[in-house]
Every structure is written in C-alpha cells, then in structure tokens.
Amino acid sequence: MGNMHTKDRDIVVPGEILAEGMEFIPGTGTYRDGEKIIAQMIGLASVNGKVLKLIPLAGRYVPKVDDIIIGRVTEILFSGWMLETNCAYRAMLSLKEGTTDFVERGANLTQYFNLGDYLVTRIVNVTSQKLLDISMKGPGLRKLRGGQIISMNNNKVPRVIGKKGSMIAMIKQATGCQITVGQNGLVWLQGPPKNEVVAIQAIRMIEENSHLSGLTEKVKGFLEEKMKGLPVPEFRQERQDTRKDQLVEFQMERVNNDDI
Amino acid sequence: MTYDKRFDGRKSFDELRPMEAKAGIIKSADGSGYFKIGKTEAIAAVYGPRELHPRFMQDPSTGILRCHYNMMPFSGSGDRIRPGGNRRSKEISMVMEKALIPVLDLKEFPNAVVDVFVEYPQTDAGSRCAGITAASIALADAGIVMKDLVCAVAVGRVADKVLADLNYDEEAYEDGPVADIPIAYLPNSKQITLLQMDGQITKPMLIDALKMGMKVCDKIKELQVKALKDKYGEAQ
Amino acid sequence: MNVESIKMNPELRQHLIKSLDQGVRFDGRKLEQYRQVTVETGVTRNAEGSSRVKIGDTEVICGVKMGVEKPYPDTPENGNLAVNVELLPLSNARFESGPPGIEAVELARVVDRGIRESGAIDTKKLCISTAEKVWSVFIDICTINDDGNLQDASALAAIAALKDTRYPAYDGIEINYKERTDERLPLKAEPIEVTVYRIGNHLIVDPTLQELQCFDARLTTAFTADATICAMQKGGEEGLTLEEIEKMIDLAEEKAGEIRSKLGGD
C-alpha cells in the first residue's frame, strides 16, 4: 500500500513527490518515476481517488482547438491576416474564415480587418509547428470596437468566467460593463470609466486569489462596496449580447474547475 | 598549512552563508526568482515560451532555453564593471543553460524560446550558482514544465579542508592550494548538471567536495520550495 | 503580447480620453496623481552609494561607483560625472540584450543634465591633483521592472544614490574599495525631474505602460529646491502650445515638491 504525500488543493512545486505506490495514477502536470508520482509544474493538487493531477497556476497560454481567443492583427497578407495571440504562436485568419463576402483578387483587405484590430476568434486547427488556424465564423466572434484590452494570467481564466459563467456574469451585472474573456488571457472591457476600473480590479482580485476559498463571496463584497454610488447602465439585451452569452456558455464547456 | 577558522566566522566547513529566496518579484516577467547567499545576490526573470528571433535560431523540433548572465556595473568589489558582456559572461550563460536544460522538456514549444535573464546587484563569490538557483525558482514560477528544481552551490578546497560555499576571501586564499568547484544538482534523481573546477585538488578531496555539495543542496531546495509556495500564501 | 510596441493606438487613445474627460484613469487614479513612490538607500553593498526607487510597480536600482582617473584635457581641474541607464531585459519583454538604444541614451542624458546643470556636484571639488588625477563619479541605473515612468524613477534614484555615496579609502596611489570613509560627496543641490504627458486636452503624470501607448507629447522638467529649472526635454510626436508648456511646468513643479519629500534627510 502506498503513501499519499499531498492533499487536494495543496500548492505543489516541480520535483515535489506527491505519492508513492504503483496504484496511484499520474494525471496532467505529474509524472511517474519508479514508485513515485512527482509534480512537474507549479500547481494546485487535484486528488480524485487514486488519480493525481495538477491545476496549473502559471504558464503561457498553450493553444487548443475550439478555444475562443482574442488576437491582434499584425500583418495583412494576400489571402488573409496574421494575428499575434499573447503566446509563442501566431494565428492565421484566411479570407474564407474571415468573411462570408466574395473577395476579389487584389481587393483591399483592410476594409475588413486592419493592422492593430483586435478580433475575437475561434481556433479551428493547430498545426504541428503550432501555427494556429482561426475563424471568425461563429456566435460572438467579431472585431472588437472601442473599450480597452488587458492581459491576465490565462490559467486563471476559468476562475474569472466561473461555474456556468457565474463569476463573469456577476462582474458584468454589477458594473454594467461589456466584457469578453479570451482563453489566451486577453480580456476586452467597455463601460463607463469608473465602472471599468472596478471591473478590472475585480478581475485582478480573482487572478491573485484564485487558489483560495471564499473567492466568490469576496468578489461579491468587493463589487458591492466599490459600485456604491456609481451608475450602472442597463444591461442591453441586443442580439449581439445574446450571442456573447452563448459565447460564455460555449467557453464554459471547457472549464473543469468547480467553484469553491 | 591548515585552514582552521573560516574567514567570515562560519563554524563548520559545510555551513552555507545566510540565504534568502523569493519568487514572483518582477511583475512584467512570466516568472521571476531572487536568491541571496552571503553578499551575493541574483535576480532572475523568465520570459517565454515566446517567439524566437532571429528566425535562423529557431528549432522546429523543440523550444530552446537561452540564459543571459550579466553583472550590474556596481556589483563587483573593485572597479566599476563595464556594461556589456564579455567572454566570461558568455561562458557562464552557456553553463547555466546546460545546468538547467536536463530538467526541462520544451518539445511542446517548437520554434519558441524560454529566455532566462540573470542579473546581479552585488556579488561575493558563487554568483553562477546563485544565478542557477534563482533561475530555477523563476522557471518554476513561470509555470514551465520541470522534472525537478535545480540547486547550485560552489564547493571546493582551501588548503587541507574541503568546504562548501566559498566566499571571496576563501577563493583568494594565498597560503595554500585552493579549488573552486561550482556544481548544480537535481535532488530527486541525484544528478549533477553543472561541474566546473578551478585550482588544484586531489581526486579523493574532489569526491568529498561533491558529496558535501549534494548534501547541502537540500537546504537550498527547501528555500526554493518555500519561496514558491509563500507567493501563494495569503489572500491579496 | 508586446503591448508597448503599439505606439499611439488610436482607439485606445479615444477610450482613454473619454475616461480622462471624467477625471479618471484606467487604474482609477486622478490625472495628476502619482502611484506610490518609495525610496531606499544603501541597497547594494559593493557600490559606493546606492538606491532603489519604486513608483507603483516600476522599480529601478541605482549604484554609484567612484574611480580615480585623468581629467579631460580641456577641464584639468574638474572631476568627471557619467550617467548610464541599463534597460535590463529582465525588466520588460520589449528590452533586448545589447548596447544602449536611443531610449536608454535619452533617459541617461536627461538625468545627467538635471544633475550637472543643477550644480548638484561641484566637479571642481572632485579634483585631486590638477591635470593629473580627479575623481570620476559613475552613476549606473538598472531597471528591475518597467511599468512606465522610467524617466522620473531614474532621476530620483540617481540623486538618492548620490546622497548615499561615501568616498572609498584612497592613499594617493590606489583605491581600497573594501574600506569606505565617512566622507560624502559635496552635493549642493538635489534636482527632481517630473515628466508631464499631454493626451488630447488632458495632462497626466506618471503613466503606466498602457497610457504610454496613447500620449501625444511629453515634457520633462528638472527643478532644484528653489524652483529653478535646470533641465528640460520635450518628447512625443505632436507639438505643444506655449500655454500647454506653461501648464505642464506648473504641474511638474507641484509634483516635484511632493516627490522631493520622499528623498528624506541624510
């Protein structure tokens, strides 16, 4: 019978021995060395029976098919656009995936997306060299207009979105800001200036406390306190907003974290 | 000639100078670490995996690690140090890479680079080891996949004694033979990933020195682990 | 993402201006509000004098080293003063290893002018033997984390480190760096630099990296304690009217007073 050296929700570091015994199963973030299961990154231990895995606390974004990401156009090519994606790899948006229009050869592509534009896109393919194929076709995918973009730790995105989108919905409703969260850690916000400040502070609070319990209550209290006396614009139920809510639900299928 | 009392008053020959370790001290970086041993201070920052420039350096089969060792102009105990690298810093950068690579697996990041920058506000011997120790904290802090943490310490010999963590005065000892042996060590697999020797030593003393180094690295690893975990300690 | 490399993003600038119209910046500060400024001295032991300055998350370390050299032939009675800024790659993703680029050079030269022209150090007092030996004061500023406003942080770190500096022991032939005397540098003034940024019709101080993507023009002014202006530098790609310049100088002077109080006594 083996030994467990860690418990659920412990912070563990690379090289830390989590358990000893052949009956334990090394999940993501861990590896087996003989009898030992060892952590291979800094993370939160997740113990499910005999399966040991880690929830990463840090690390640059690793692109996955079907992820919704925010990218910035850096090049306009003959047949599409190249985007920077806040990770080591660039994304290619082909004409076909960028627009439903019939685009003539030699047409000026900047009328669709120009250098510096931020786009909400979906990853449809990741090549062996990690070049990303992305698409603008789908609910909620669009060019972002106005607002500002902040960068957050992409590993904390699931906590910012929350179970079934509950956390991000709470922030949106409390501040009245429109918010779109990319899986790659880029977040777009737009709302009255003081409300944006509160929304950003709430997101930073979640980032720094994601591994601690009682986070939802803490954020709720923070929002109530900071939004006192600030006007909250009515949450516009435009068609676009509905698509964005769908977007959040779509993102939520990828979240494994349970709310504490 | 015997070396009886250590110049800085340390009681035993395997005693390390007072140490301090921190993680996450540079907000712009993907990961960062700080390690101080005696008067030697190293600050390490990790950026990456990120796109590698120039493109001809890209490796389509794996990401690469690049270390950059640099001393701040006011860090030395003598004259001002002219900024810009020199041959020594190039060599140290390279051995630091070789010390850290064995725990990394960058195959998931073709064409990308993990850059590690190590800077020294002040030095008093053992700088490359302090740098590797800080770099290891920084790599872990950056969420890089690592089999183990890497610890490093300079062991060596002064006259008739084998000792750990030589300070500047011990390295400069003139009344007998001296050997300066920086090592880097992986505690789990018990492997040595950096080994250099400067000076004169017999093989038996060398082996004793290495064994001493491997033992004291446990204390260094404890500090690295604590630094990383302390970052997540309290609610913000 | 290398956010800093997008100069003057027009949409972001518009969004920031709307926010400034309501008197609030992206991080909630008022337009004329600095982040928290802290100054520590004696932070690194091998330097003859040193300081660490933090402005918000921006952090720089300054070390002063002294050497004995021949004076320049055209100033045989004056010691030497040199300011250098190292934009260390560890402080921000946009910096690369290598010789100083124009950003580092401008930072260093503006700090240098503030110190030199304020008469902070009487370089004649650095003379040991006319035309033969003079003290050289090397001021090196290294960035540890860049979150905007390196200019003001560097200038503050330089003067704080100079105040902390003590001569090393010198027997007329060789410097003994291991022994520090109690003698301080002959400082006659303490210049403080403040950079004011114009974004649209608004003036702000102490920008974050995000705000640095949106400004139209900037003006750095260095003041001594009696409000004498001893250095100026205009930057940015737009022009400034005379009224704007006057307003920026007034704002800078007000802020210089606040920052000066962080320097503290000896």
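Student: When you look at unusual backbone geometry in this model, what are you seeing that I'm missing?
Tutor: Residue and element names in this part refer to chain B. The omega torsion of the bond from Gly-48 to Pro-49 falls at 0°, within 30 degrees of zero and hence cis. With respect to the element layout, Pro-49 can be found in strand S3 (residues 40–51). Notably, Asn-111 is not glycine yet its phi reads approximately 65°, a positive angle. Assignment of secondary structure puts Asn-111 in the loop between helix H1 (87–100) and strand S5 (112–122). Even without a glycine there, the phi angle at Asp-165 is positive, about 60°. Among the structural elements, Asp-165 can be located in the loop between strand S7 (161–164) and helix H3 (168–171).

Student: Where do I start with the packing of helix H3 (residues 166–175) of chain A against helix H5 (residues 215–226) of chain A in this structure?
Tutor: Helices that pack against each other are described as a pair by the angle of their axes relative to one another and the distance between those axes. Residues and elements named next belong to chain A. Where H3 meets H5, the closest approach of the two axes is 10 Å, and the angle between their N-to-C directions is 5°. With respect to H5, the element H3 is oriented roughly parallel. Along the contact surface, H3 presents Met-167, Met-170, Ile-171 and Ala-174, while H5 presents Thr-216, Val-219, Lys-220 and Leu-223.

Student: Explanation requested: the interface of chain A and chain C in the structure shown.
Tutor: The accessible area lost on association of the parts is a frequent measure of interface size. With 12 residues of chain A at the contact, the number on the chain C side is 14 residues. For the side of chain A that touches chain C, the secondary structure elements donating two or more residues are strand S15 (148–151) and helix H4 (193–209) of chain A. If you tally residues by element for the side of chain A that touches chain C, the top one is H4(A), at three residues. The residue makeup of the side of chain A that touches chain C, split by class, is three nonpolar, six polar and three charged.

Student: Mind showing me how you'd approach the interface of chain B and chain C here?
Tutor: Of the residues lining the interface, 24 residues belong to chain B; the matching set on chain C comes to 30 residues. Taken together, the elements giving at least two residues each to the side of chain B that touches chain C come down to S3 and S5 of chain B. A total of four residues in the side of chain B that touches chain C trace back to one element, the largest contributor, which is S5(B).

Student: Would you mind showing me how to read the domain arrangement of chain A here?
Tutor: Domains assigned within chain A are domain 1 (3–56), domain 2 (68–143) and domain 3 (148–252). Computed from C-alpha coordinates alone, the two centres of domain 1 of chain A and domain 2 of chain A are separated by 39 Å.

About the criteria used
- Residues numbered from 1 in each chain as written.
- Chains lettered and ligands numbered in written order.
- Predicted model: local features only at pLDDT ≥ 70, side-chain atom pairs only at ≥ 80, totals over all residues.
- Helix = DSSP H or I, 4+ residues; strand = E, 2+ residues; numbered from the N terminus.
- Axes fitted to C-alpha atoms, helices over the stretch in contact; angles between N-to-C directions.
- Parallel < 35°, antiparallel > 145°, perpendicular 65-115°, else oblique.
- Contact = placed C-beta atoms within 7 Å.
- Nonpolar A, V, L, I, M, F, W, Y, C, P; charged D, E, K, R; others polar.
- Domains from an automatic or database assignment.

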